[in-house]
Amino acid sequence: MNDMTVPATQRPARRVDAASIGVAALLALILAVPLLVGDDFVSHVFITICLYGALATAWNIVGGFAGQLSLGHAIFYGIGAYTAALLVPYGISPWIGMLGGALVSALVGVGIGLPCFRLRGPFFALATIAFLQVIRLLALHFTGLTGGAVGLMVPLQTGWQWMIFFDRWPSLLIAFGMLAFTLAVSGWIRHSRFGYYLVATREREPAAAAAGVNTLRIRLAAVAVSAALTSMVGTFHGMYLTFIEPEAMFSLAFSVQIAMFALIGGIGTVLGPLFGTLLVVPLTELARGWLGASALGLHGFVYGTVLVLIVLFLPDGLAGLLRRKTASDAADVEAGAPAASVPAEARPARPPLGEPILVAEHLNKRFGGLAVTTDVSLSLRQGEVLGIIGPNGAGKTTLFNQLSGFLAPQSGVVRVRLADGSLVTPATPHGFAHAGVGRTFQIVQPFAAMTVLENIMIGAFHRHPGRAEAREKALETAARMGLWSQRDLEARSLTIGGLKRLEVARVMAMEPRILLLDEVMAGLNQTDVRRAIRMIEQIRDDGVSIIAIEHVMQAIMALSDHVVVLNSGRVIAEGQPKEVVRDPMVIEAYLGKDFVDAHPA
Ligand SMILES: Nc1ncnc2c1ncn2[C@@H]1O[C@H](COP(=O)(O)OP(=O)(O)OP(=O)(O)O)[C@@H](O)[C@H]1O
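About the criteria used
- Residues numbered from 1 in each chain as written.
- Predicted model: local features only at pLDDT ≥ 70, side-chain atom pairs only at ≥ 80, totals over all residues.
- Heavy atoms only, no water.
- Helix = DSSP H or I, 4+ residues; strand = E, 2+ residues; numbered from the N terminus.
- Buried < 20%, exposed > 50% of the residue type's maximum accessible area, 1.4 Å probe, protein only.
- Contact = heavy atoms within 4.5 Å.
- Areas by Shrake-Rupley, 256 points an atom, 1.4 Å probe, with all protein chains shown as cover.
- Phe/Tyr/Trp six-rings, centres within 6.5 Å; stacked < 30°, edge-to-face > 60°.
- Lys NZ or Arg CZ within 6 Å of the ring centre and 35° of its normal.
- Salt bridge = Lys/Arg side-chain N within 4 Å of Asp/Glu carboxyl O.
- Near = heavy atom within 4 Å.
- Polar contact = N/O pair within 3.5 Å; in protein donor to acceptor, adjacent residues only side chain to side chain.
- Expected span 1.5 Å × (residues − 1).
- Pairing = 2+ DSSP bridges.

*Asks:* Can you walk me through the overall build of the chain in this structure?
*Replies:* Looking only at helices and strands, one finds 25 helices and twelve strands in the chain. Going through the 601 residues of the chain one by one, you find that 53% of them count as buried. For the chain, long-range pairs separated by at least 24 residues make up 73% of all intrachain contacts whose partners lie at least 6 apart in sequence. On the chain, roughly 25900 Å² of surface is accessible, and the fraction owed to carbon and sulfur atoms is 64%.

Structure representation (structure tokens):
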């Protein structure tokens, strides 16, 4: 790696250090204030802050990182409380019950997630509410187990073994430990490959799948972790309250409340849920304490007011405010980039084309009555650039979707040769990615909330699971793809040319052996087209075999070793570019006579 990358990799570390000190100071205050004040009510408020902060942080793993707005998280809270409380009469410590509850909750979470993760937006939220109501009704019905509407008293045995104390401070220590543990898990997730994959899946599921992410599995893992953590807090809260009943334990209002803390503090950030809790819980508890029975339900008014103010003035929550501040402090872009590309004359001569590396045989695909690909066969050889051209609606993108696992052909097969020479037929986008096939999308699919570098890291994680190595690979790829100076910008701020390069950079960071490019030059000006042609030549010379759908004939003529022409879903011609453009059928269906007049032999 070039020397110039060293400052770039060190600078964020200093920011992280400052942030870590801030977090440690905040946590120390949360623990120290109630211990120093020594008042029961203050201790109770801080215990509540710790517990709700932990619950909101756990919720945020699914609701924020994965972007799935669950309103049924009380299910796991209730399971945690009931599992431990039901085991206590058998002499089993709640600490053991807590682990059992976490395991049951993780399994229930996966069971609910499997059908629900097929749903999007409000439908997902509604489905989680429906599951919560079913479980609440079941808990009310099975009175022998749960005590039904009458509820269940937790046997009053005190001491660390039973999680019940006369003093407040042991409860405070446990609640604080839960908050710290949940934050540590959440922070680890956010900064690991798992967290990057979750955010990528939230932002653009197809692009994440093309980068090799098994999007369903990653979401199920998130719900399992989130459910287990929520359940652990539920166990302790049940013991702290010493009385549990279905209406309170499986409450919709409680589920909404947890989600709201995260929304107020900053959804999808590690500390946001805690910030939200720190703002709202003291306000509501103090209002309750001061006004007592004269203003029952006032806490709902406080939540509502804070939520309205946040939505109006801080749509990214409190954490968004902090992020804006640190981003402006850190606006320090260095100039210059490592050498981006090797000059063409310095590159070694191209080796002869090798054996077929991707083969499609007799692909047929219909959408209802419309035959979009009919008996399409093609073969890409090692080191080759295969151009696919054809008029709009010819079926080119549909063919690409079959070559990358996004669509299953009704008949026909796609085979990919692995590095060891064996042929496989993957069935899913991540299966194709694992077989070495990378693809771009005709309509660019950036992970908008991530920086350019983080976007490229999503591709780099495919072969470099560690964050540091993925970052190193992404920096190198950014330099090669001419994105060095934009690496710390949010992807949404790039121009169309930059977005197209980012699309290719993300795929190249996966180190694919086969690259499928879907109209990467559409909408580019002449300078950017020439730049893109040089970029693709360089990728080809690095040993990647390429299939490119393109309308820019200048690029097709300059790059392609072989061209396939599609029209109305059928291959109407194929061969060397110079032969194909003179084919009367191609001229009639696609190029037009003007093209031949403008490009005489
Ligand atoms: N999911 C779908 N459901 C129904 N019809 C579809 C679907 N996707 C594509 N089509 C139709 O299939 C045909 C081929 O579309 P496709 O996008 O593959 O063409 P294309 O050659 O890539 O076109 P363009 O050059 O405009 O991108 C079009 O008529 C399109 O409307």
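*Asks:* Would you explain the packing of aromatic side chains in this entry?
*Replies:* Per the counting criterion, the structure on display carries ten aromatic pairs. With 4.4 Å between their ring centres and 35° between their planes, Tyr-77 and Phe-254 make a pair best called tilted. In this pair, Tyr-77 is assigned in helix α3 (residues 74–87) and Phe-254 in helix α12 (residues 252–265), connecting sequence segments 177 residues apart. We note that Tyr-77, like Phe-254, is buried. Centroid distance Phe-117 to Phe-124: 5.4 Å. Interplanar angle 5°. Geometry classified as stacked. Members of the aromatic cluster, connected to one another through ring pairs, are Tyr-52, Tyr-77, Phe-254 and Phe-261. When the ring centre of Tyr-196 is taken as origin, the NZ or CZ atom of Arg-190, which lies over that ring, is 5.4 Å away.

*Asks:* Help me understand the pattern of salt bridges, please; the structure alone is not making it clear to me.
*Replies:* Note on pairing: side chains with opposite charge can pair once their charged atoms come close. Across all of its chains, the model carries twelve salt bridges by this definition. The closest approach of N and O atoms between Glu-361 and Arg-415, which form a salt bridge, is 3.3 Å. Pair noted here: Glu-361 is in strand β3 (residues 356–367) and Arg-415 is in strand β6 (residues 411–417), with a separation of 54 residues, a long-range link. A salt bridge links Glu-503 to Arg-506; the nearest nitrogen and oxygen atoms lie 3.5 Å apart. Here Arg-506 and Glu-503 lie together in helix α20 (residues 496–508), a separation of three residues that amounts to about one turn. In this structure, Glu-503 and Arg-506 share a single accessibility class: buried. One continuous salt-bridge network, built from bridges that share partners, spans Lys-473, Glu-476 and Glu-511.

*Asks:* In this structure, what is going on with the site of the ligand? I would like to understand it.
*Replies:* As a structural note, the neighbourhood of the ligand is formed by 14 residues, with Asn-392, Gly-393, Lys-396, Thr-397 and Thr-398 the closest of them. Here His-551 contributes a side-chain N or O atom positioned 3.1 Å from an oxygen atom of the ligand. Alone, the ligand offers 630 Å² of accessible surface; in the complex the protein occludes 60% of this. Looking at the shell around the ligand, the elements with two or more residues in it are β4 (370–381) and α16 (396–403). The biggest single contributor to the shell around the ligand is α16, with three residues.

*Asks:* Is there a simple way to explain helix α10 (residues 215–241) in this structure?
*Replies:* Here α10 contains 27 residues, and its C-alpha end-to-end distance of 39 Å stays within 8% of the 39 Å for a straight helix at 1.5 Å per residue. Here α10 lies mainly inside the structure; 22 of its 27 residues are buried.

*Asks:* Explanation requested: helix α21 (residues 526–541) in the structure shown.
*Replies:* Owing to its 3.6 residues per turn, the α-helix aligns residues three or four sequence positions apart on the same side. Taking 1.5 Å per residue as the helical rise, α21 with its 16 residues ought to reach 22 Å, and the 23 Å between its terminal C-alpha atoms agrees with that figure. Regarding α21, the residues found buried are Asp-528, Val-529, Ala-532, Ile-533, Met-535, Ile-536, Glu-537, Gln-538, Ile-539 and Arg-540. Packing partners of the buried residues in α21 comprise β5 (385–389), α19 (467–480), α20, β9 (514–518), β10 (545–549) and α22 (553–559). Of the residues flanking the end of α21, it is Gly-543, one or two places downstream, whose phi is positive at about 100°.

*Asks:* What should I look at first to understand the side chain of Thr-373 in this one?
*Replies:* Mapped onto the secondary structure, Thr-373 falls in strand β4. Assessed through its relative accessible area of 2%, Thr-373 is described here as buried. A polar contact is formed between the side chain of Thr-373 and the side chain of Gln-402, at a distance of 3.1 Å.

*Asks:* Teacher, can you tell me more about unusual backbone geometry here?
*Replies:* Glycine aside, the phi torsion of most residues is negative, and most peptide linkages are trans. Of note in this structure, Glu-511 is not a glycine but carries a positive phi near 55°. Tracing the chain through its elements places Glu-511 in the loop between α20 and β9. By relative accessible area, Glu-511 is classed as partly exposed at 31%. With a phi angle near 45°, Ser-568 is a residue other than glycine that sits in the positive phi range.

*Asks:* What should I look at first to understand the pairing of β3 in this one?
*Replies:* Two faces make up the sheet, and in a regular strand the side chains alternate between them. Sheet topology note: the β3/β4 ladder contains eight bridges and is antiparallel. Counted as the bridge partner of Val-359 is Ser-379 from β4. The antiparallel pairing of β3 with β4 creates a hairpin that spans two residues between the two strands, and Gly-368 there sits at a positive phi of about 60°. Sheet topology note: the β3/β6 ladder contains five bridges and is antiparallel. Bridging from a neighbouring strand, Glu-361 pairs with Val-413 of β6.

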